[in-house]
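# Reading the structure
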4 protein chains.
Amino acid sequence: MSANTFGQRFQFTSFGESHGPAYGVVIDGMPSEIIYDEKLLLKNLAERKPGQSHTTSRNESDQPEILSGIFENKTLGTPIGIIIKNENQKSDDYEKIKNNPRIGHADDVWQNKFAHADHRGGGRSSGRETLNRVIAGSFAQMLMNQKHTQTKITAFAKQIGPHHLTEEINGSSELSENIKSFLENAKSEGESYGGIIECHIENPPMNLGQPVFHKFKSDLASAMISIGATTGFEFGQGFSNIEMKGSEFHQSLISKNYGGVRGGITTGEDIIFKVAFKPTSSIKDVAKLGRHDPCIVPRAIPVVKAMAWCVLADHYLWHLTDRL
Amino acid sequence: MSANTFGQRFQFTSFGESHGPAYGVVIDGMPSEIIYDEKLLLKNLAERKPGQSHTTSRNESDQPEILSGIFENKTLGTPIGIIIKNENQKSDDYEKIKNNPRIGHADDVWQNKFAHADHRGGGRSSGRETLNRVIAGSFAQMLMNQKHTQTKITAFAKQIGPHHLTEEINGSSELSENIKSFLENAKSEGESYGGIIECHIENPPMNLGQPVFHKFKSDLASAMISIGATTGFEFGQGFSNIEMKGSEFHQSLISKNYGGVRGGITTGEDIIFKVAFKPTSSIKDVAKLGRHDPCIVPRAIPVVKAMAWCVLADHYLWHLTDRL
Amino acid sequence: MSANTFGQRFQFTSFGESHGPAYGVVIDGMPSEIIYDEKLLLKNLAERKPGQSHTTSRNESDQPEILSGIFENKTLGTPIGIIIKNENQKSDDYEKIKNNPRIGHADDVWQNKFAHADHRGGGRSSGRETLNRVIAGSFAQMLMNQKHTQTKITAFAKQIGPHHLTEEINGSSELSENIKSFLENAKSEGESYGGIIECHIENPPMNLGQPVFHKFKSDLASAMISIGATTGFEFGQGFSNIEMKGSEFHQSLISKNYGGVRGGITTGEDIIFKVAFKPTSSIKDVAKLGRHDPCIVPRAIPVVKAMAWCVLADHYLWHLTDRL
Amino acid sequence: MSANTFGQRFQFTSFGESHGPAYGVVIDGMPSEIIYDEKLLLKNLAERKPGQSHTTSRNESDQPEILSGIFENKTLGTPIGIIIKNENQKSDDYEKIKNNPRIGHADDVWQNKFAHADHRGGGRSSGRETLNRVIAGSFAQMLMNQKHTQTKITAFAKQIGPHHLTEEINGSSELSENIKSFLENAKSEGESYGGIIECHIENPPMNLGQPVFHKFKSDLASAMISIGATTGFEFGQGFSNIEMKGSEFHQSLISKNYGGVRGGITTGEDIIFKVAFKPTSSIKDVAKLGRHDPCIVPRAIPVVKAMAWCVLADHYLWHLTDRL
């Protein structure tokens, strides 16, 4: 397995740096005859797109170019190669980073690791890498939409800094006015906040997950914690209710406490999990050198959903050979 | 990658069911000339062993037999095969499970998935599978002990049910009298509890972790959440301090808030993470059919440490080819 | 992928040295509910067994112990762990090898590679490692026998030294008297010979093989050339008929010249391939230190068949997700 | 491992169809600080390019665009994404193929396998996919050129149809006048021929190759037989000298008969292997529908070399963790 490939059956390989010519993703393992849903892909990319709300000033056009694997609007069963060109590479702004690694970023870390690093920005650590995940997730969703139509994935910001939220939002544009102005203030002050995203996989297929190192829950954990700025993952009761007694926790074979996964395998019940994010590192002192994102949470929602689709599609294909 | 293999460079493949003849593990990717430290292996297995404290009444002898890969007390560079025979397979006790899947267990889940399942006990979901992890982790530790001597991994039960703990313990036998009697009561009442384990990787090598899907943190998450009964993983501030502002969180390039990982890569600072466990499923109603473990946390401590050693060794080998 | 694992969907991991305590194999990816055919396993192992003909004087008992993955005579869908103990480890005979690497063997090669090597015999290079392959191949055969009943694999020695053969033989015991006495002479003279095995996969499933690096033919080549002492692989016309014009070679969509594979994918026609073996290295000068095999070809026949079954089962499982 | 990825440490993933927008390759596992040698890449691509000799009339511009992984002329240690746009997609010519699968091609095979196939040409089976291999091989060569400077890989057409050749050629343009006119005649007659390529890896690193399923020889076999139109692989004596007695074959620890590999591991001696190719399928009856290549051998020479570089780089990285 290469470092930049995710998944075992539905696999995607990600490449691209924030200040290089393009990002790209190669999806391998996609069955043939899956209908290519361009609208879905563009909608998902739009949800992720910065600049629409107040959380970032970046303007990215994000036009995907499909290079292979699709013919007459259906998948061929061959690898699907897709790239998105990087425009607006204001690398001049970043010249100063070269000798001044930004606090909270990974500039120095990558320099230490590889000796030679792209000092113009986040490189592979850039949030822009999540473009590839949203693309791959969209194809995973197309597969599931066609083969297990009832499954739906929703996610929302459960907490942004001190604010607890309840409504489902599908991207920055759908935040309440209250939160928008909170984030606008943060931005003008050069402040940043973390938060929590809650995600629901509704009506998932049952029997997904493999013993013992590819449990559904561990692949989900790996997927989520591979997203930049994440600091925690929990499903079902997670960390929130450690005091609960076993006699309360285990009341029947079906229980919300299990989060939809038992023995590492999906039970068919809704899968509920949360992901914690730290405050973005673009705070006052370093923000002038780069671009501002007072909170990554709103833009991370489509990324969390995309990775959940990928885990789902991966295990959906995998479970087809459990028994013949 | 097979479902029962963990790791990319330091890899181990696990097999065995709780009521079959034996458990076993094959470690592949271990360099040659690593000194085989039998004492360490037996000490780690003893830490995991049930029956020494009051958390379980099972008596397992757990004698590892090394079948390959070691010669004249050193590794050969070839795969290391190790088995542990299962004694005391009281499968008669379990005959009833066949038609009555136990609440909280995965009996029905496995039956659904594979149609044909071993109804005599937990099968691959049994806690006894962690034997393989402790064995593999011991070899990972031998590698690191020889090649990066200063690294140490410690772990302790931070919470058991409602009790918050502070001291480091290396296994069930080191619990305080207070907690021991709490668990003894739980056992006699057929009650069970969950908890939290905190683990510290002290003085780890820096530069470990691969972009972007094998970040050190995501492989750690995958390793931990692959352990049975886990429900959450967090490192650094995790879920605990979402209100914290970015200006507090990011104070310098070095900060405890980062949990020892930045950009997915180890910084050389101590790595601190926590793992949440749900209450064991062996509660009153189902316990009479099986064996009692009022809380898995004490016995999971050596398992958490073992998996941390595996992730460490895996990434240690991997980072050697980052640059030549 | 680890160095000692073969296959992508039907995978097996091999361990064991010729002078260690045991050989073993872990099969992962086997579907549940496949009937365990012990008779088939023992028959295949018997075909491979030395000492029955005149090609070797070794006496190996080769009793497989199934440690996991089988319950009530059917596969569980969990990894199948099997070991075979090594008896008769006359390592005293080999003490001299330590400082005198045997010509034709890999003693010095392994010593150079790993610095620390098991000087008592062939280690992982020993022909005895093929036990693991025959075991894995038998399980692959059980899968195919149940799911694609019409497929049959046969193989025979096409050439032994200067002798061209035609009849199918399933192991050393079935050699003609002529060849047996030729090999007996070779043995008494301390001479050795190579040869060619031809293998037919009759009535294989069609559509097996993946673009572009897991073509059926390339995985077959990898499988065959991974067997010790092999020096060549060819299918269809191979090297034998390079002068043939395209207009003769390509006469219709169906042609024996294609060897049953087109575009890397099985067409459903019989797959025919040959494997070349060099003379065994146990010649006069070195043979006294070890054990004599004047020609590896007869004993390699069941190994070639076993690896063919593994490739077949691997691609059979793989092709199930080509389209859903 | 995905179907379109080659290698374990130095890995590349290939995508693209002959009549889609572009081919592309993602190289993962390349260490940082390797100097990007654009001249070498273009030279290797030029060797492969059709239209320069008389073997094909296609005109492909083949300009590689590097999208990631290279910065200031050195590798970053991140995945290297490269695409080559397809121009000249005369798919109108191919409309007829839709209902008339071409003899010798894989049109019907792919249609059977995936139900939905790109009928405009070879799809993933097209010889144009080898562009990706030559690109990946060029980067493997850059790595080896910098880290093991003395290694050189040469290859030449040993046989083209009935003609035995001896001189080394690096591509179609270097064929002798004799062979050029032979091929020109074949083309005008709509005839095609196969052939044999011999390849020498001179002064390779020693100790490359992993037990037991990633022997250097088996990975080489897999690499070569994954190339379209190949029908055989042999190294050392291969199939050519089966009559040779062991006492002749094994004369000393160092022998040309071993082909540079013993026990699956490189000895440091030159590695010599041959690859057999069948006649191209573009014969008279089907050629008018597509493009003509009377013999693939001259153009396959740089492809064989490229794959050999990839296997070499892969095992070079791998062997660095054999012992530390």
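This text gives an overview of the structure that appears in the document. As the structure is a prediction and not an experimental result, all values here were calculated from the model.

### Re the interface of chain A and chain D
How big an interface is tends to be stated in terms of the accessible area lost upon association of its parts. At the interface, 41 residues of chain A touch 41 residues of chain D. Buried area between chain A and chain D, both sides added, is near 3300 Å², and the carbon and sulfur share of it is 63%. When the buried surface of chain A facing chain D is broken down by residue, Leu-67, Phe-71 and His-116 of chain A rank first, second and third, together holding 21% of it. Counting across the interface, chain A meets chain D through zero salt bridges. Applying the counting rule to chain A against chain D returns 16 residue pairs in polar contact (both at pLDDT 80 or more). Those elements that place two or more of their residues in the side of chain A that touches chain D are β2 (11–15), β3 (22–28), β6 (74–75), β7 (80–85) and α2 (107–114) of chain A. No other element matches the four residues that β2 of chain A contributes to the side of chain A that touches chain D. Each residue belonging to the side of chain A that touches chain D can be placed in one class, and the counts come to 16 nonpolar, 16 polar and nine charged.

### Topic: the pairing of strand β14 (residues 271–277) of chain D
Residues and elements named next belong to chain D. Along β14, six of the seven residues are buried, which leaves the element largely enclosed by surrounding structure. As defined by bridge partners, strand β10 (residues 195–202) adjoins β14 across seven bridges and the pair is classed as antiparallel. Paired with Gly-195 across the strands is Phe-277, a residue of β14. Across five bridges, strand β11 (residues 230–235) lies against β14 in antiparallel orientation. Looking across to β14, one finds that Thr-230 is bridged to Phe-277.

### Points about the sheet that holds strand β4 (residues 64–66) of chain A
Backbone-to-backbone hydrogen bonds join strands into a sheet, with any given pair of strands oriented parallel or antiparallel. Residues and elements named next belong to chain A. Taking strand neighbours across the sheet as the criterion, the five strands line up as β1-β2-β3-β7-β4 in an open arrangement whose pairing is antiparallel. Looking at the sheet topology across the chains shown, the edges are occupied by β1 (5–6) and β4. Strand direction decides the pairing type here: β1 and β2, joined by two bridges, are antiparallel. Looking across to β2, one finds that Phe-6 is bridged to Phe-12. Seen against the sheet, helix α3 (residues 130–147) touches β2, β3, β4 and β7 and runs at an angle of roughly 30 degrees to β3.

### A look at the packing of aromatic side chains
Under the criterion given, the structure shown has 38 aromatic pairs over all chains. Seen in terms of ring centroids, Tyr-36 of chain B and Phe-139 of chain B are 5.7 Å apart; in terms of plane orientation they differ by 10 degrees. Their pairing is stacked. Here Tyr-36 of chain B is found in the loop between β3 (22–28) and α1 (38–48), whereas its partner Phe-139 of chain B is found in helix α3 (residues 130–147), with 103 residues between them in sequence. Of the two residues, Tyr-36 of chain B and Phe-139 of chain B, neither departs from the other in class, the shared state being buried. Relative to Phe-273 of chain D, the ring of Phe-233 of chain D lies with its centre 5.8 Å away and its plane at 40 degrees, an arrangement referred to as tilted. With a gap of 40 residues between them, Phe-233 of chain D in strand β11 and Phe-273 of chain D in strand β14 connect regions that are remote in the sequence. Residue classification places Phe-273 of chain D among the buried residues on the basis of a relative accessible area of 0%. Following the ring pairs from residue to residue traces out a cluster consisting of Phe-6 and Phe-12 of chain A together with Phe-213 of chain B. The ring of Phe-114 of chain C is capped by Lys-113 of chain C, whose NZ or CZ atom sits 5.6 Å from the centre of that ring.

### Things to note about the interface of chain C and chain D
The partner chain D presents 94 residues to the 94 residues of chain C that form the contact. A buried area of about 7300 Å², summed over both sides, lies between chain C and chain D, and 62% of it is on carbon and sulfur atoms. Sorting the residues of chain C by area buried against chain D places Lys-113, Phe-213 and Phe-239 of chain C first, and these three jointly supply 12% of that buried surface. The interface formed by chain C and chain D includes four salt bridges. Put simply, Arg-262 of chain D and Asp-108 of chain C hold a salt bridge, and the shortest N to O gap is 3.0 Å.

### Thoughts on the relation of the copies chain A and chain D
Of the transformation placing chain A onto chain D, the axial shift is 0.0 Å and the rotation is 180 degrees, giving an RMSD of 0.0 Å. What the superposition gives is, in effect, a two-fold axis relating one chain to the other. Taken together, the interface assignments show that 100% of the residues at the interface of chain A recur at the interface of chain D, consistent with an identical surface on both copies.

### Some words on unusual backbone geometry
Put simply, Pro-211 of chain A and Val-212 of chain A share a cis peptide bond, and its omega is -20 degrees. Topologically, Val-212 of chain A is positioned in the loop between β10 (195–202) and α5 (216–225). Its identity as a non-glycine residue notwithstanding, Asn-73 of chain B has a phi of 65 degrees, on the positive side. Tracing the chain through its elements places Asn-73 of chain B in the loop between β5 (70–71) and β6 (74–75). Asn-73 of chain B sits in the partly exposed class, given a relative accessible area of 46%.

### Details of the sheet that holds strand β4 (residues 64–66) of chain C
Taken together, the five strands give an open sheet; going across it, the order is β1-β2-β3-β7-β4 (chain C), and neighbouring strands pair in antiparallel fashion. Strands with a single pairing partner mark the edges of an open sheet, and in this sheet they are β1 (5–6) and β4 of chain C.

### Quick look at the relation of the copies chain C and chain D
Screw-axis analysis of chain C against chain D gives a translation of 0.0 Å along the axis, an RMSD of 0.0 Å, and a rotation angle of 180 degrees. Looking at the interface residues of chain C, 100% of them are also at the interface in chain D, so both copies use one shared face.

### Things to note about α5 of chain A
Spacing of three or four residues puts side chains on the same side of an α-helix, whose turn is 3.6 residues. Burial analysis of α5 of chain A places 10 of its 10 residues in the buried class, the great majority of the element. Those residues of α5 of chain A not exposed but buried are Phe-216, Lys-217, Ser-218, Asp-219, Leu-220, Ala-221, Ser-222, Ala-223, Met-224 and Ile-225 of chain A.

### Some words on the environment of Asn-132 of chain D
All names here are of chain D. Tracing the chain through its elements places Asn-132 in helix α3 (residues 130–147). Among the residues examined, Asn-132 registers a relative accessible area of 1% and is labelled buried. With 116 residues separating them in the primary sequence, Asn-132 and Gly-16 have C-alpha atoms 8.9 Å apart. Those residues in contact with Asn-132, other than ones at most four positions away along the chain, are Phe-12, Ser-14, Phe-15, Tyr-23, Gly-24, Val-25 and Arg-124.

### Here's the deal with the side chain of Asp-118 of chain D
Here Asp-118 of chain D shows up in the loop between α2 (107–114) and α3. Overall, Asp-118 of chain D belongs to the buried group, its relative accessible area being 10%. If we ignore the near neighbours within four places in the chain, the residues touching Asp-118 of chain D are Phe-71 and Leu-76 of chain A together with Glu-17 and His-19 of chain D.

### Thoughts on the environment of Gln-8 of chain B
Mapped onto the fold, Gln-8 of chain B is located in the loop between β1 (5–6) and β2 (11–15). Along the chain, Gln-8 of chain B and Gly-29 of chain B lie 21 residues apart, while their C-alpha atoms are 8.6 Å from each other.

### Some thoughts on the pattern of salt bridges
Using the criterion set out here, one finds 48 salt bridges over all chains in the structure. For the salt bridge of Asp-322 of chain B with Lys-113 of chain A, the shortest nitrogen-to-oxygen distance reads 2.5 Å. With Asp-322 of chain B in the segment after α8 (297–319) and Lys-113 of chain A in helix α2, this residue pair bridges two chains. Using a relative accessible area of 2% as the deciding quantity, one classes Lys-113 of chain A as buried. Between Arg-48 of chain D and Asp-62 of chain D there is a salt bridge, with its nearest N and O atoms 3.7 Å apart. Taken as a pair, Arg-48 of chain D in helix α1 (residues 38–48) and Asp-62 of chain D in the loop between α1 and β4 (64–66) lie far apart in primary sequence, 14 residues in all. Accessibility assignment for this pair places Arg-48 of chain D and Asp-62 of chain D in one class, buried.

Quick notes on the rules
- Residues numbered from 1 in each chain as written.
- Chains lettered and ligands numbered in written order.
- Predicted model: local features only at pLDDT ≥ 70, side-chain atom pairs only at ≥ 80, totals over all residues.
- Heavy atoms only, no water.
- Contact = heavy atoms within 4.5 Å.
- Buried area = accessible area lost by both parts, 1.4 Å probe.
- Salt bridge = Lys/Arg side-chain N within 4 Å of Asp/Glu carboxyl O.
- Polar contact = N/O pair within 3.5 Å; in protein donor to acceptor, adjacent residues only side chain to side chain.
- Helix = DSSP H or I, 4+ residues; strand = E, 2+ residues; numbered from the N terminus.
- Nonpolar A, V, L, I, M, F, W, Y, C, P; charged D, E, K, R; others polar.
- Buried < 20%, exposed > 50% of the residue type's maximum accessible area, 1.4 Å probe, protein only.
- Pairing = 2+ DSSP bridges.
- Axes fitted to C-alpha atoms, helices over the stretch in contact; angles between N-to-C directions.
- Phe/Tyr/Trp six-rings, centres within 6.5 Å; stacked < 30°, edge-to-face > 60°.
- Lys NZ or Arg CZ within 6 Å of the ring centre and 35° of its normal.
- Least-squares fit on C-alpha atoms with pLDDT ≥ 70 in both.

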